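Each chain, written out:
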Amino acid sequence: QGVVDYAAASDAITSAVRGAVVTEQGHTVRVDSVIVMPESGGRLALSVAFHGDAQGTLRLVGIPRHDVARQGISMPDLDYDLHTDSPLINVYSWLASPALRLLLREKAILPVAPALERGRALLLDALNRKVGDAMTLTARIDSVAARGVYVTRRGLILRAEAIGHATAAVKER
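If you're wondering where the values come from, they're calculated on a predicted model, not measured in any experiment. (Residues numbered from 1 in each chain as written. Predicted model: local features only at pLDDT ≥ 70, side-chain atom pairs only at ≥ 80, totals over all residues. Heavy atoms only, no water.)

**Section: the nonpolar core**
Just so we agree on the cut-off: In this text, buried Ala, Val, Leu, Ile, Met, Phe, Trp, Tyr and Cys residues form a nonpolar core when linked through side-chain atoms within 4.5 Å. For the exposure calls, accessible area comes from a 1.4 Å probe over protein chains only, and a residue counts as buried if that area is under 20% of its type's maximum, exposed if over 50%, partly exposed in between. In this description a helix means any DSSP run of H or I spanning at least four residues, a strand means any run of E spanning at least two, and both kinds are numbered starting from the N terminus.
Counting 33 residues, the largest nonpolar core has Ile13, Val36, Leu46, Leu100 and Leu156 as the members making the most contacts within it. For this core, the elements supplying multiple residues, two or more each, are helix 1 (6-17), strand 3 (27-39), strand 4 (43-52), strand 5 (56-62), helix 3 (98-107), strand 11 (135-151) and strand 12 (156-170).

**Some words on the pairing of strand 11**
For a regular strand, side-chain orientation follows a simple rule: the groups alternate between the two sheet faces. The test is simple: Two strands make a pair as long as DSSP finds a minimum of two bridges between them.
Where strand 10 (residues 129-131) and strand 11 come together, three bridges link them in antiparallel fashion. Bridge pairing in strand 11 places Lys130 opposite Thr136. Hairpin connection of strand 10 to strand 11: three residues between the antiparallel strands, including Gly132 at a positive phi of 65°. Two elements, strand 11 and strand 12, share 15 bridges in a ladder whose sense is antiparallel. What sits directly across from Val151, in strand 12, is Leu156.

**Concerning the packing of aromatic side chains**
Applied cut-off: Aromatic rings from Phe, Tyr and Trp, with only the six-membered ring used for Trp, were paired whenever their centres fell within 6.5 Å, and each pair was classed as stacked if the ring planes differed by under 30 degrees, edge-to-face if by over 60, and tilted otherwise. A positively charged side chain is recorded as over a ring if its NZ (Lys) or CZ (Arg) lies within 6 Å of the ring centre. The angle to the ring normal must also be within 35 degrees.
Inspection of every chain in the model, using the stated rule, returns zero aromatic pairs. The ring of Tyr150 carries Arg159 above its face, with NZ or CZ at 4.7 Å from the centroid.

**Describing empty space enclosed by the protein**
Remark: the empty space left among the atoms is shown by a probe the size of a water molecule rolled over them. Stated formally: With a 1 Å grid laid over protein atoms only, a set of points is called a cavity when a 1.4 Å probe fits there but cannot get out and a pocket when it is open yet has protein on both sides within 12 Å along at least five of seven lines; lining residues have an atom within 4 Å of a point. Grid points are joined across faces, edges and corners, and a volume is the space filled by probe spheres set on the points. Gly is put with the polar residues, along with every residue not named as nonpolar or charged; the nonpolar set is Ala, Val, Leu, Ile, Met, Phe, Trp, Tyr, Cys and Pro, and the charged set is Asp, Glu, Lys and Arg.
Overall, the coordinates contain two cavities of 30 Å³ or more when judged by the stated rule. Counted as a void, the largest cavity has a volume near 50 Å³. Considering the residues around the largest cavity, the lining is formed by Ile13, Val36, Leu44, Leu46, Pro64, Ile73, Ser74, Met75, Ala108, Leu110 and Leu156. Among the elements of the structure, strand 4 and strand 7 (72-74) are those that each provide at least two residues to the lining of the largest cavity. Here the lining of the largest cavity is composed, by residue class, of 10 nonpolar, one polar and no charged.

**Things to note about the pattern of salt bridges**
What counts here: When a carboxyl oxygen of Asp or Glu is within 4 Å of a side-chain nitrogen of Lys or Arg, the pair counts as a salt bridge.
Under the defined criterion, the tally for this structure stands at nine salt bridges. The salt bridge partner of Lys107 is Glu106, with a shortest N-O separation of 3.8 Å. The salt bridge involving Asp142 is made with Arg140; its shortest N-O contact spans 2.9 Å. Judged by relative accessible area, which is 48%, Arg140 ranks as partly exposed.

Structure follows, in structure tokens:
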């Protein structure tokens, strides 16, 4: 399993949506940044800072899922949380638009390939080695696939499955 810390997740999602413009009911805002935080019930919270016809932070919450087609972690159920800046309540009706929610559902994807490659490398290092003077372990990994995503306090845990072949050679004394 691998860990994606929340700072890295925030950076990745901010990079994907920074500068995106959302216009709804004649009002326009531009996304500045996104902060990813753990939330109860296995959910993630995204605090989205923006400026334009309104300025502030909106909070959206969703359950992270491994998205095979997008090769990443997405939140297809991402939706608005009513815990927003109190000055925003006056403009919430136009700001909490489907356009912003859909933008984040589409673009807020955390790639899993780097975590899977890191896991593959660590596993290969652990399985291809000498154990004392008498044993040699040799392995190859044919495939690595994500099997689950879990929200913890320190980061997202990506669990994966590796399939391959391993052998152990023992020297006779």
